[in-house]
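# Results of the structural survey
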Amino acid sequence: MTVSGSGGELSAGLPLIACYGGTFDPVHNGHLQAAEEVFERAHCREVRLIPCHVPPHRGTPMAPAAARRAMLELALAGSVRLRVDARELARVGPSYTIDTLVSLREEVGDEVALGWVIGADAVAELGTWRNWRRLPELAHLLLLDRPGYVLPQRGPVARLLAPRLTTDVSDLHARPAGRVWCVGQTPLAVSATAVREALAAGRSVAHLLPLPVWAYIKQQRLYGYDQGPGHEAESE
Ligand code: ATP
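Cut-off values and rules
- Here, residues in each chain are numbered from 1, in the same order as that chain's written sequence.
- It should be noted that, the model being predicted, local features are given only for residues of pLDDT at least 70 and side-chain atom pairs only at 80 or more, the latter also being counted only at that level, while totals for whole chains, interfaces and linings use all residues.
- Processing note: side-chain calculations cover all non-hydrogen atoms of the structure and skip hydrogens and water entirely.
- Pairing of aromatic side chains requires ring centres within 6.5 Å, counting the rings of Phe and Tyr and the six-membered ring of Trp. Pairs whose planes differ by under 30 degrees are stacked, by over 60 edge-to-face, and all others tilted.
- The buried label goes to any residue with under 20% of its type's maximum accessible area, the exposed label to any with over 50%, and the partly exposed label to all in between, with areas taken from a 1.4 Å probe on protein chains only.
- Going along the chain from the N terminus, every DSSP run of H or I of four or more residues is numbered as a helix, and every run of E of two or more is numbered as a strand.
- Any two strands are treated as partners once DSSP identifies two or more bridges connecting them.
- When the strands point away from the viewer and the path from the first strand over the helix to the second turns clockwise, the crossover is right-handed.
- Only a pair of cysteine sulfur atoms within 2.5 Å qualifies as a disulfide here.
- Contacts are residue-level and defined by heavy atoms, with any inter-residue pair within 4.5 Å sufficient.
- Where helices are involved, their axes are fitted lines through C-alpha atoms of the stretch in contact, as for all axes, and angles between N-to-C directions lie from 0 to 180°.

### Description of the packing of aromatic side chains
- For the structure shown, the criterion picks out two aromatic pairs.
- A centroid spacing of 5.7 Å and a plane angle of 80° characterise the contact between Y20 and F24, whose relative ring orientation is edge-to-face.
- Residue classification places Y20 among the buried positions, given a relative accessible area of 8%.
- Classification of F24 as buried rests on a relative accessible area of 1%.
- With 5.0 Å between their ring centres and 75° between their planes, W214 and Y225 make a pair best called edge-to-face.

Next up, the structure:
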């Protein structure tokens, strides 16, 4: 079978859908650059950005789910490579990745490879995720570099990852799940925390995220923007 996908043709193998979960509170250029590089480097059919409804391992997101989704839709508008998958927003209770992967696998069947994209900071916490040892049964794990973080070298998570590691991207197309691959993307030192902090201080974040998202944040007065003590009146 020929793998179709504008990330580049591989001569044989399963099509690959990469799934990139996060709170996206808000989506920023670090997410978008990483998603584009996953698409290109892994020869994906598409990359789905999946906003988390109720994060199991961190506090409630600052922006409501509908606003986080709206910002993602604005950021991805017109893209044929990246799209929003809102399935977690339709579920009640904590948004466990294992449940999301079960539902994705049911949707795509066994003739499509799935990849779950995780930043190096999140990999460090992987051992706390529900049924984390089962994740490779359902998807490949696609690991993103992140400034300041290294992958675990010892312990249970390292023991799950190490035997599955591959540097050969065609391995991701040879089976539906089960390998671990480092994306090797260009890490951008931007985080949603830094974006929220800048907004709360009244600073512009125009350089950190797409302009339609920045316009939405200002319009909706999200993250305390224009209420911060150092608010800079910005020309529109
Ligand atoms: P916060 O600062 O609120 O923790 P975040 O910027 O880490 O947010 P999330 O939505 O929590 O963003 O992250 C979703 C996923 O994207 C995680 O796997 C995270 O590691 C990854 N990620 C976030 N920012 C980057 C970045 N700049 N480069 C690579 N991966 C990133």
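### Here's the deal with the environment of V38
- Inspection of the secondary structure assignment puts V38 in helix α1 (residues 29-41).
- On the basis of relative accessible area, V38 is assigned to the buried category, the value being 0%.
- Here the alpha-carbon distance between V38 and V205, two residues 167 residues apart in the chain, equals 24 Å.

### As for the pairing of strand β2 (residues 46-51)
- With six of six residues buried, β2 lies mostly within the body of the structure.
- Burial along β2 is two-sided: E46, R48 and I50 facing one way and V47, L49 and P51 facing the other are all buried.
- Bridge count between strand β1 (residues 16-22) and β2: six bridges; the pairing is parallel. Its bridge partner being in β2, A18 is matched across the sheet by V47.
- Between the parallel elements β1 and β2, the chain passes through α1 in a crossover that is right-handed.

### Notes on the state of the cysteines
- Under the counting rule described, the total for this entry stands at zero disulfides.
- Left unpaired, C19 is separated from the closest cysteine sulfur, that of C44, by 9.1 Å.
- A relative accessible area of 0% means that C19 is categorised as buried.
- In this structure C182 is a free cysteine whose sulfur lies 15 Å from that of C44, the closest cysteine sulfur available.

### Remarks on the sheet that holds strand β7 (residues 180-182)
- Strand order across the open sheet formed by seven strands is β3-β2-β1-β4-β5-β7-β6, with parallel pairing between neighbours. Of all the strands in the sheet, the pair left with one neighbour each is β3 (82-84) and β6 (165-166).
- The sheet contact formed by β6 and β7 spans two bridges and is parallel. Within β7, the position partnered with L165 by the bridge is V180.
- Across the face of the sheet, α1 comes into contact with β1, β2, β3, β4 (113-119), β5 (140-144) and β7 while running at roughly 145° to β2.
- Set on the sheet, helix α3 (residues 97-108) makes contact with β1, β2 and β4; between it and β4 the angle comes to about 155°.

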